[in-house]
Each structure stands twice: as structure tokens, then as C-alpha cells.
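Listed here are the chains, written in short residue letters.
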Amino acid sequence: VLRSLGIPTRVITNFNSAHDTNINLSIDKYIDVSGKTLHLTEDSVWNFHVWNESWFTRRDLGSFYDGWQVLDATPQEKSKGIYQCGPASTRAIKEGDVDLDYDSSFVFAAVNADCVTWIQHSNKRKERVYSNTRKIGKFISTKAVGTNTRVDVTDNYKYPEVKEISFKISYSQYKNALMDDRKILVTAV
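Residues numbered from 1 in each chain as written. Predicted model: local features only at pLDDT ≥ 70, side-chain atom pairs only at ≥ 80, totals over all residues. Heavy atoms only, no water.

A.B. asks: Is there a simple way to think about the overall build of the chain in this case?
C.D. replies: Within the chain, the regular secondary structure consists of 4 helices and 12 strands. The 189 residues of the chain split such that 37% are buried. Within the chain, residue pairs in contact and separated by at least 24 positions form 55% of the contacts whose partners lie at least 6 positions apart. When the accessible surface of the chain is split by element, carbon and sulfur atoms take 53% of a total near 12100 Å². (Helix = DSSP H or I, 4+ residues; strand = E, 2+ residues; numbered from the N terminus. Buried < 20%, exposed > 50% of the residue type's maximum accessible area, 1.4 Å probe, protein only. Contact = heavy atoms within 4.5 Å. Areas by Shrake-Rupley, 256 points an atom, 1.4 Å probe, with all protein chains shown as cover.)

A.B. asks: What is the right way to read the confidence of the model for the chain from this model?
C.D. replies: Low pLDDT marks stretches whose predicted atomic positions should not be read closely. Mean pLDDT over the chain stands at 85; residues scoring 70 or higher make up 85%. Averaged pLDDT values for the elements of the chain fall to 57 in helix H4 (residues 171–179) and rise to 97 in strand S12 (residues 150–152). In this model, residues 180–187 is a region of pLDDT below 50 whose contacts with residues beyond four sequence positions or in other chains number 11 contacts. (pLDDT = per-residue confidence, 0-100.)

A.B. asks: Explain the nonpolar core to me, please; I cannot follow it from the model alone.
C.D. replies: When a protein is soluble and globular, its nonpolar side chains tend to lie buried together. Ranked by internal contacts, the top residues of the largest apolar core, which has 14 residues, are Trp51, Val70, Ile93, Val107 and Tyr157. The greatest single-element share of this core, amounting to 5 residues, is contributed by helix H2 (residues 104–112). Ignoring any residue separated from it by four or fewer positions in sequence, one finds tyrosine 157 in contact with Ile12, Trp51, Glu53, Val70, Thr90, Ile93, Lys94, Val107, Val111, Asn112 and Ile140. With 6 residues, the next largest nonpolar core counts Ala18, Ala109, Ala113 and Cys115 among its residues. (Core = buried A, V, L, I, M, F, W, Y, C linked by side-chain atoms within 4.5 Å.)

A.B. asks: Can you walk me through the packing of aromatic side chains in this structure?
C.D. replies: If you walk through the whole model with that rule in mind, you get 4 aromatic pairs. Centre to centre, the rings of tryptophan 51 and tyrosine 157 are 6.0 Å apart; their planes meet at 55 degrees, and the pair counts as tilted. Separated by 106 residues along the polypeptide, tryptophan 51 in strand S4 (residues 44–56) and tyrosine 157 in helix H3 (residues 154–157) bring together distant segments of the chain. Of the two residues, tryptophan 51 and tyrosine 157, both sit in the buried class. On the numbers, 5.1 Å between centres and 85 degrees between planes, the contact of phenylalanine 64 with tyrosine 65 is edge-to-face. A residue is classified by how much of its surface remains accessible, and phenylalanine 64, at 40% relative accessible area, is partly exposed. One residue, arginine 10, lies across the ring of tryptophan 68, its end atom 4.0 Å from the ring centre. Taking the ring centre of tyrosine 159 as reference, the NZ or CZ of lysine 94 above it sits at 4.6 Å. (Phe/Tyr/Trp six-rings, centres within 6.5 Å; stacked < 30°, edge-to-face > 60°. Lys NZ or Arg CZ within 6 Å of the ring centre and 35° of its normal.)

A.B. asks: Explain the side chain of glutamine 69 here, please?
C.D. replies: Note that glutamine 69 resides in strand S5 (residues 67–71). By relative accessible area, which is 0% here, glutamine 69 ends up buried. Separated by 2.8 Å, the side chain of glutamine 69 and the backbone oxygen of tyrosine 65 make a polar contact. In this view, glutamine 69 contacts Asn52, Glu53, Ser54, Phe56, Arg58, Pro87, Ala88 and Ser89; residues no more than four positions away in its chain are not counted. (Polar contact = N/O pair within 3.5 Å; in protein donor to acceptor, adjacent residues only side chain to side chain.)

A.B. asks: For this particular structure, what's the right way to read H2?
C.D. replies: One turn of an α-helix holds 3.6 residues; hence residues three or four places apart share an orientation. Burial analysis of H2 places 9 of its 9 residues in the buried class, which makes it a mostly covered element. Within the span of H2, buried status applies to Ser104, Ser105, Phe106, Val107, Phe108, Ala109, Ala110, Val111 and Asn112.

See below:
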């Protein structure tokens, strides 16, 4: 419909698309102390999700947010009381401006959420045991104009992931780090 009105529009596919139901920007999985999955959240990761982008001027948000805007014709969550999603500026999503109207936090989570596993202890205490910051938002793609070639538009949605450096630590050091709820971050320059 938007194309018939002369508005540039394209289809976008996001692989490993997060569905963050509580908008905390993480996909949480809960397990008990024996490793059994507990169904305490409706968060999920989909193999892929598809939405549209259209090119708009954003007088309501300011010219910084002009350009491609996310519009999802198949939203799974209510926004302002109805099932709708967008228009969310891809610039806002990339910059992490999740407090803007029009579902920027939901789309940000779809392409940038962390996957976190928690142990739910019997005393209502939870303990983070695993976090994957790189799983979500892979190969965000559209079709090239005039050909069937895939165009990767991931850089329109997020900055490149930090490269991992592998190193070895003893199991006791790892266990102590988890118990203290500390995270080791190594960045390569």
C-alpha cells in the first residue's frame, strides 16, 4: 500500500529475532537448581521475523531520526492498547534510543536483546548463570533492487559486535565469578 502511495518501502528479515514480552531488553530463561526449565516468562527467540521499512521524514522526533522506519504488520504485543508496531526509526534503534514513542524499545530488543539464563532458587532468589550478548539480530536483510540478491542491512540496526578473545580459566575461578555475580569483559582494540 505504501509503495502505491509513492513511499519507498522494503521488506526486512531479522534472523534470531527476540520477542521480549516485558520490554526489559533481555530474553530470560529460568531453570531450577536441577536444570529443569521453569516457565516464568513468555520471552522467546524466533528463527526469523519479518517487518517492513518505509522512508519517512520525522517531524515529530526531529530530523536526526529521518530515514528508514520499522512498521510491523504482524505485531504480537499491544502498543498503546492496540496491536500495532511503529513507525520506529532505525536510527533510534541503532543508537539505543529506546524511550521514544512508536515501539523503538520493542524493535531494539528484537535485534539487540541479551539471552540470559537464571537459576531460580527455592527462596525466591535468582542467580544469573549465563548471558549471550551476540545471539540476537543476525543477518538482518532485504532484497536488492532489480535482483534476487540479499542485502545485509544489519549495520542500519546495530553497531558491530565486540570480537571475543578466548582464554582459559579454571572451573573454580569460573564458579567463583558466577557466585559473586561478576562479569569479565575483554575488549580487543
